[in-house]
Amino acid sequence: MRHLIDITDLSVDEMNELVATAEDIIANPAKYSEVCHGKKLATLFFEPSTRTRLSFEAAMLDLGGRTLGFADASTSSASKGETVSDTIRVVGCYADIIAMRHPKEGAPYAAAQRSAVPIINAGDGGHNHPTQTLTDLLTIHRERGSLENFTIGFCGDLKFGRTVHSLVNALSRYRGIKFVFISPQELKIPDYLKENTLDPDGIPYMETESLDEAMPELDVLYMTRVQKERFFNEADYLRLRDTYILSPEKLVPAKKDMCILHPLPRVNEITVDVDDDPRACYFKQVANGKFVRMALIMKLLEVKA
Amino acid sequence: MNIDSIQNGIVLDHIRAGRSMEVYRYLALDKLDCSVAIIKNAKSQKMGKKDIIKIDSPIDLDLDILGYVDPGITVNIIKDGQLQEKQPLELPKKIVNIIRCKNPRCITVAEPQLDSIFLLGRKPSGKRVYRCAYCEAEYHR
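Residues numbered from 1 in each chain as written. Chains lettered and ligands numbered in written order. Predicted model: local features only at pLDDT ≥ 70, side-chain atom pairs only at ≥ 80, totals over all residues.

Considering the overall build of chain B
Here is step 1: A count of helical and extended segments in chain B gives three helices and eight strands.
Here is step 2: Moving toward the C terminus, one meets the helices and strands of chain B in the order β-α-β-β-α-β-β-β-α-β-β.
Here is step 3: Projecting the C-alpha coordinates of chain B onto the three principal axes gives extents of approximately 50 × 35 × 25 Å.
Here is step 4: For chain B, the proportion of its 141 residues judged to be buried stands at 26%.
Here is step 5: Excluding contacts between residues fewer than 6 apart, the proportion of contacts in chain B whose partners are at least 24 apart in sequence is 57%. (Helix = DSSP H or I, 4+ residues; strand = E, 2+ residues; numbered from the N terminus. Buried ≥ 20, exposed ≤ 12 C-beta atoms within 10 Å, placed from the backbone. Contact = placed C-beta atoms within 7 Å.)

Set out below in structure tokens:
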């Protein structure tokens, strides 16, 4: 039995296999519409997340399975003081697979130690969110036709953004990827990520504060939200937030086939008039999230079309 | 200063000076009925100063705990007044329920009944480090 707790639980071959399965699901949805008939997915969301939960539930429904679960810890036994391990053991009696989100880091690992059914980490605090990474990989693959040989710029909050760390980790295992980290000094990519992931393998990267400077080089631009709560000074926040607003004007020097990603939700870092630009892929990314979760559910349940 | 030599038991030698009480606590030596001698700041050619613990009984030692506390310790097994065996120590790959994660966002802090598991890793600088198996936070003493 396999779980998905961290993106590094998957080999490059397995990530490629999931992307390929998701592509096939998109091309031939009818082939997959009953593969999970009779199976149940439990979505245990100890903290609210509409997008991820609905994506998992839609994925299972499109595979012909059914779903159960809760969307808020206050409606579960956690509110009575039940431990994660106990909740998981109980739910494992009713469901064939569990997707869980929890505010505490490592909660899915704790769950996996006691679970009789596969566990999917749907986000544990600021720690890991591996299915967002799979979503990002599928989107890049669909837009570029490959996960090798391109330059990706990450822009915004690179210090606290778990989606950034996880995607850097995954892409660093593919050939020919160059990273450009665009952020204010206060929100730079953590040293440990450079020391542990990029430097040992000599993976090229550069750091800059200027999105304009980096823009012409990028094949993929991964925008993130600059989070107000990270700043001590309101004026600094406003200055930096406005620096990284992506608008049609900012996109003028960009490559014609660049693709723009964002894990969403956005606040104001991408103006709405960018949405009509053919390079804007963030809503396609949301749709892709469902397909790659379908592929993942199939893999962990060991079912085939 | 003289401490009687032991006939059957264990001598923990080359403990870093000042660490003997930590070793004493981790190994729960206060629970033993036999004689236990703690020698602090003994002269050492190799270390300058060192601590030594003599246990006058052949007990089972948790070498993982000792390795974590101080991998430089030498474990001497004494039988019939003679040195029978020297057991080398190394940092254990996995330690369970010896230290607790200090990351306030870690599930093991919210649910302390979970086993506290730390895995040995290596930083690119070569430095060895223990990381919480749950949240991956580095442990600093």
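Observations regarding the overall build of chain A
Here is step 1: Within chain A one finds ten helices and nine strands.
Here is step 2: Here the C-alpha radius of gyration of chain A, 19 Å, is about what a compact globule of 305 residues would show, namely 19 Å.
Here is step 3: A total of 305 residues make up chain A; the buried ones form 47% of that total.
Here is step 4: Here the analysis covers contacts within chain A between residues at least 6 apart in sequence; of these, 77% occur between residues at least 24 apart. (Rg over C-alpha atoms; globule rule 2.2 N^0.38 Å.)

Points about helix H5 (residues 130–144) of chain A
Residues and elements named next belong to chain A.
Here is step 1: Compared with an ideal rise of 1.5 Å per residue, which puts 15 residues at 21 Å, H5 spans 21 Å between its outermost C-alpha atoms and is within 8% of the ideal.
Here is step 2: Looking only at H5, the buried set comprises Pro130, Thr131, Gln132, Thr133, Leu134, Thr135, Asp136, Leu137, Leu138, Thr139, Ile140 and Glu143.
Here is step 3: Where H5 is buried, its residues meet helix H1 (12–27), strand S4 (119–124), helix H6 (162–171), strand S8 (220–223), strand S9 (259–261) and helix H10 (282–301).
Here is step 4: Downstream of H5 by one or two residues, glycine 145 has phi in the positive range, about 80 degrees. (Expected span 1.5 Å × (residues − 1).)

Observations regarding the pairing of strand S7 (residues 205–208) of chain A
Residues and elements named next belong to chain A.
Here is step 1: Both strand S6 (residues 177–182) and S7 contribute to a ladder of four bridges, which runs parallel. Counted as the bridge partner of valine 180 is methionine 206 from S7.
Here is step 2: In this fold, the crossover linking S6 to S7 by way of helix H7 (residues 191–198) has right-handed handedness. (Pairing = 2+ DSSP bridges. Right-handed = clockwise from strand over helix to strand, strands pointing away.)

A few points about the sheet that holds strand S1 (residues 40–45) of chain A
Residues and elements named next belong to chain A.
Here is step 1: Spatial ordering of the open sheet is given by S2-S1-S3-S4, a layout of four strands whose pairing is parallel. Where the open sheet ends on each side, the last strands, each with one partner, are strand S2 (66–70) and S4. When strand polarity is set aside, the average angle formed by the axes of neighbouring strands in this sheet is 15 degrees.
Here is step 2: Contacts from H10 reach S1, strand S3 (97–102) and S4, with the element oriented near 125 degrees to S3. (Axes fitted to C-alpha atoms, helices over the stretch in contact; angles between N-to-C directions.)

As for the nonpolar core
What tends to happen in soluble globular proteins is that the nonpolar side chains get buried as a cluster.
Residues and elements named next belong to chain A.
Here is step 1: In terms of nonpolar packing, the biggest core is built from 118 residues, with Ile98, Tyr222, Met294 and Ile297 touching the most fellow members.
Here is step 2: Counting residues per element, this core draws most heavily on H10, at nine residues.
Here is step 3: Setting aside chain neighbours within four positions, we find isoleucine 98 in contact with Ala42, Leu44, Ile88, Val91, Ser115, Val117, Ile119 and Ile120. (Core = buried A, V, L, I, M, F, W, Y, C linked by C-beta atoms within 7 Å.)

Section: the interface of chain B and chain A
Here is step 1: The partner chain A presents 14 residues to the 15 residues of chain B that form the contact.
Here is step 2: No other element matches helix H3 (residues 107–110) of chain B, which puts three residues into the side of chain B that touches chain A.
Here is step 3: Here the side of chain B that touches chain A is built from residues that sort into nine nonpolar, three polar and three charged. (Nonpolar A, V, L, I, M, F, W, Y, C, P; charged D, E, K, R; others polar.)

So, the domain arrangement of chain B
When the parts of a complex come together, some accessible area is lost, and that lost area is often used as the size of the interface.
Here is step 1: For chain B, the assigned domains are domain 1 (9–87) and domain 2 (94–132).
Here is step 2: Summarising the inter-unit geometry, the C-alpha centres of domain 1 of chain B and domain 2 of chain B are found 25 Å apart. (Domains from an automatic or database assignment.)

Observations concerning the domain arrangement of chain A
Residues and elements named next belong to chain A.
Here is step 1: Examined at the domain level, chain A breaks down into domain 1 (7–130 + 287–301) and domain 2 (131–285).
Here is step 2: On a C-alpha basis, the centroid separation for the pair domain 1 and domain 2 is 26 Å.
Here is step 3: Facing 22 residues of domain 1, the contacting portion of domain 2 comprises 21 residues.
Here is step 4: Mapped by element, the contributors of at least two residues to the side of domain 1 that touches domain 2 are H1, S4 and H10.

A word on the packing of H5(A) against H10(A)
All names here are of chain A.
Here is step 1: With their axes 8 Å apart at the nearest point, H5 and H10 run at an angle of 115 degrees to one another. By the angle between their directions, the pair H5 and H10 is classed as roughly perpendicular. Between H5 and H10 the crossing geometry is right-handed. Across the interface between the two elements, Thr131, Leu134, Thr135, Leu138, Thr139 and Arg142 from H5 touch Lys284, Gln285, Asn288, Gly289, Phe291, Val292, Arg293 and Leu296 from H10.
Here is step 2: By residue class, the composition of the contact of H5 with H10 is five nonpolar, six polar and three charged. (Parallel < 35°, antiparallel > 145°, perpendicular 65-115°, else oblique. Left-handed = near helix turned anticlockwise from the far one by under 90°.)

A closer look at unusual backbone geometry
Here is step 1: Cis geometry marks the peptide bond from A:Leu264 to A:Pro265; its omega dihedral reads 5 degrees.
Here is step 2: Of note, A:Glu302 is a non-glycine position whose phi angle comes to about 55 degrees, a positive value.

Digging into the environment of A:His3
Residue and element names in this part refer to chain A.
Here is step 1: One can find histidine 3 in the segment before H1.
Here is step 2: Here histidine 3 falls in the buried class, since 20 other C-beta atoms lie within 10 Å of it.
Here is step 3: Through-space distance from the C-alpha of histidine 3 to that of aspartate 136 is 20 Å; in sequence the pair is 133 residues apart.
Here is step 4: Look past the residues within four positions of histidine 3 in its chain and what remains in contact with it is Ala112, Pro118 and Ile119.

A closer look at the pairing of S6(A)
Residues and elements named next belong to chain A.
Here is step 1: Most of S6 is tucked away: five of the six residues are buried.
Here is step 2: Sheet topology note: the strand S5 (residues 150–155)/S6 ladder contains six bridges and is parallel. Each residue of the ladder has a partner; that of phenylalanine 150, found in S6, is isoleucine 177.
Here is step 3: Taking the sense of rotation as the criterion, the β-α-β connection linking S5, H6 and S6 turns out right-handed.

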